[in-house]
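Each chain is listed here by its residues.
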Amino acid sequence: MKIIVTGFNAFDTLETNPTELLCQKVAGASGIYESSALGKLAIKSEVLETCCTDSWDKLAPLLTDQNEKIVLLMLGVAESRNGFSLERVALNLRDYRVPDNNKHEFEAVRISEQEEQNALFSDLPLNQYADYLTNHGFPCHVSNHAGTFVCNDIYFQALAHKKNNANILAALFVHVPPPAVYAESVRRNYAFAGNEHMMQGKLMSEQAQLDYMAIGLRTLLDQLLGGLVGVV
């Protein structure tokens, strides 16, 4: 069994994409993920080009071995969000507000004409995950809209692939806010609980913010893997 964690490179006016670093931090350097539920598992990270074709061309070959069970966790940045956003829905729609990194531009066209569905839904217990993370200091919510840019694009293609390939045990897309925005949400979360002193000064640097976000995403991964006990 293998875990694949993906992020994207920078795009449009974004100088750096935090998911490029986050996917690597979640995967770690050893290539091994210590799961409390399933023991030691192989894990790898992949940074995808913010492009409708190049992203899937890089990810798809990693999913084709039918003898290898795969859990896929995909990350993308959304500057308008203030917590982890677990995406419930991927639309069969490309409607780009800006060109992708290879200058592709789309206005209200389908991603796939072969896929009859206009939208594909996650089959994971996202509300359960969101509640668990938020209650453990990692602001998180369920989102019903992954946008119509490359993040939604790769999620739709991954869920479409999962429909026809039993080796894909789970696929989830998570939008994350900029690290400083997430740190502020954490502070508000602790303040609401009356424990604001616990985080005072601890998330000042971007490195500390990214490290904290990575811990939260690994907590999410632990929850997801726990639900697979008895399946693998």
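Everything that follows concerns the structure shown earlier in this document.
The rules behind these values
Residues numbered from 1 in each chain as written. Predicted model: local features only at pLDDT ≥ 70, side-chain atom pairs only at ≥ 80, totals over all residues. Heavy atoms only, no water. Helix = DSSP H or I, 4+ residues; strand = E, 2+ residues; numbered from the N terminus. Rg over C-alpha atoms; globule rule 2.2 N^0.38 Å. Buried < 20%, exposed > 50% of the residue type's maximum accessible area, 1.4 Å probe, protein only. Contact = heavy atoms within 4.5 Å. Areas by Shrake-Rupley, 256 points an atom, 1.4 Å probe, with all protein chains shown as cover. Lys, Arg positive; Asp, Glu negative; His and termini not counted. Charge placed at Lys NZ, Arg CZ, Asp CG, Glu CD. Pairing = 2+ DSSP bridges. Axes fitted to C-alpha atoms, helices over the stretch in contact; angles between N-to-C directions. 1 Å grid on protein atoms, 1.4 Å probe; cavity = no way out; pocket = protein on both sides within 12 Å on 5 of 7 lines; lining within 4 Å. Points joined across faces, edges and corners; volume = space filled by probe spheres on them. Nonpolar A, V, L, I, M, F, W, Y, C, P; charged D, E, K, R; others polar. Polar contact = N/O pair within 3.5 Å; in protein donor to acceptor, adjacent residues only side chain to side chain.

*Asks:* Help me understand the overall build of the chain in this model?
*Replies:* Each helix and strand counted, the chain has six helices and nine strands in total. Since a compact globule built from 232 residues should have a radius of gyration of about 17 Å, the 17 Å found for the chain is in line with a globular shape. Oriented by its inertia axes, the alpha-carbon framework of the chain measures out at about 55 × 45 × 30 Å. Looking at the chain as a whole, 51% of its 232 residues qualify as buried. Within the chain, contacts between residues separated by at least 24 positions form 78% of all contacts whose residues are at least 6 apart in sequence. Taken as a whole, the chain presents about 10700 Å² of accessible surface, with 48% of it coming from carbon and sulfur. Computed over 18 positive and 27 negative side-chain charges, the inter-centroid distance for the chain is 5 Å.

*Asks:* Any chance you could explain the sheet that holds strand β8 (residues 140-143) here in plain terms?
*Replies:* Either a parallel or an antiparallel arrangement is found when strands of a sheet pair, and the pairing is made through backbone hydrogen bonds. One open sheet holds the seven strands; their spatial order is β2-β3-β1-β4-β9-β5-β8, and the pairing between them is mixed. In this open sheet, the two edge strands, each paired with only one partner strand, are β2 (32-35) and β8. The sheet shows a mean angle of 30 degrees between the axes of neighbouring strands, taken without regard to direction. When strand β4 (residues 70-77) meets strand β9 (residues 168-176), the two strands line up parallel, connected through eight bridges. Bridged to Leu-72 within β9 is Ala-171.

*Asks:* Just to check I follow, could you spell out the environment of Ala-160 for this structure?
*Replies:* Relative to the helices and strands, Ala-160 resides in helix α4 (residues 150-163). Ala-160 has contacts with Glu-115 and Leu-120, leaving out every residue within four places of it along the chain.

*Asks:* Looking at this model, I keep getting lost on empty space enclosed by the protein. Mind explaining?
*Replies:* A water-sized probe, rolled over the atoms, reveals where empty space remains. One pass over the structure, following the stated rule, counts one cavity of 30 Å³ or more. As for the largest cavity, its lining consists of Phe-8, Phe-11, Asn-17, Thr-50, Gly-76, Val-77, Phe-149, Val-150 and Cys-151. Only β4 and α4 provide two or more residues apiece to the lining of the largest cavity. Looking at the lining of the largest cavity, its residues break down into six nonpolar, three polar and no charged.

*Asks:* Can you walk me through the environment of Lys-44 in this structure?
*Replies:* Position of Lys-44 among the secondary structure elements: in strand β3 (residues 39-48). Using a relative accessible area of 27% as the deciding quantity, one classes Lys-44 as partly exposed. Distance from Lys-44 to Lys-2, taken between C-alpha atoms, is 7.8 Å for residues 42 residues apart in sequence. A polar contact of 3.1 Å, which involves the side chain of Lys-44, links it to the side chain of Glu-46.

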